[in-house]
Amino acid sequence: MDQRLTFITLGANDTSALKQFYIEKFGWTPIKTDGIIFFKMNSFILALYPADELAKDAKVSAAGSGFKKFTLAINYKSESEVDEVFKLLKDKGVHITKAPQKASWGGYSGYVADPEGNLWEIAFNPFLEMDGNGNVADHQ
């Protein structure tokens, strides 16, 4: 199997509210908004789709709560960039679950949550090499 991602789909309880969060708080622009919502990222699509329909498509139960056992991450090129992003998100009223701080693995990171509890790590990783577009080039 190819080692790559093309889509990450979040099952949403309220696709409209989640779409507005990413537009208003993160400043993102969707490329598709009817039915399923698509945000083109640097090398994949982040999709928002009704959770019950996504569960039905995957033939699994839609029931569930608590920690989702995964996080999504956006890495920046410095600690100061991470701090700037957190200031912007705080000013927009985004729920910060962990303010940025030095991490045990040698980097610097914090977490925010969207309205449905999806956790986003905003980080600086000194071992991550990114190209000019913010795509992962390598990791030491």
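Residues numbered from 1 in each chain as written. Predicted model: local features only at pLDDT ≥ 70, side-chain atom pairs only at ≥ 80, totals over all residues. Heavy atoms only, no water.

### Thoughts on the nonpolar core
Judged by nonpolar contacts, the single largest core of 24 residues is most densely connected at Y22, F26, W28, F39, L46 and W120. Among the secondary structure elements, those contributing two or more residues to this core are β1 (7-12), α1 (15-24), β2 (37-40), β3 (45-50), α3 (79-91), β6 (108-113) and β7 (119-124). The element that contributes the greatest number of residues to this core is α3, accounting for 4 residues. (Core = buried A, V, L, I, M, F, W, Y, C linked by side-chain atoms within 4.5 Å. Buried < 20%, exposed > 50% of the residue type's maximum accessible area, 1.4 Å probe, protein only. Helix = DSSP H or I, 4+ residues; strand = E, 2+ residues; numbered from the N terminus.)

### Digging into the pairing of strand β9 (residues 136-139)
The sheet contact formed by strand β8 (residues 128-130) and β9 spans 3 bridges and is antiparallel. By the bridge assignment for β9, E129 is matched with D138. Hairpin remark: β8 followed by β9, antiparallel, with 5 residues in the connecting loop; positive phi at G134, about 85 degrees. (Pairing = 2+ DSSP bridges.)

### Focus: the pattern of salt bridges
All told, the structure shown has 3 salt bridges when counted by the stated rule. K102 serves as the salt-bridge partner of E79, at 2.7 Å between the closest nitrogen and oxygen. In this pair, E79 sits in helix α3 while K102 sits in strand β5 (residues 95-102), placing the two residues 23 residues apart along the sequence. Using a relative accessible area of 26% as the deciding quantity, one classes E79 as partly exposed. Exposure remark for K102: the relative accessible area of 59% places this residue in the exposed category. Taking the shortest distance from any N to any O, the salt bridge between K87 and D91 comes out at 2.9 Å. Within this pair, K87 and its partner D91 are both found in helix α3, separated by 4 residues, close to a single helical turn. Each member of the pair, K87 together with D91, is exposed. (Salt bridge = Lys/Arg side-chain N within 4 Å of Asp/Glu carboxyl O.)

The analysis is restricted to geometry; functional conclusions fall outside its scope.
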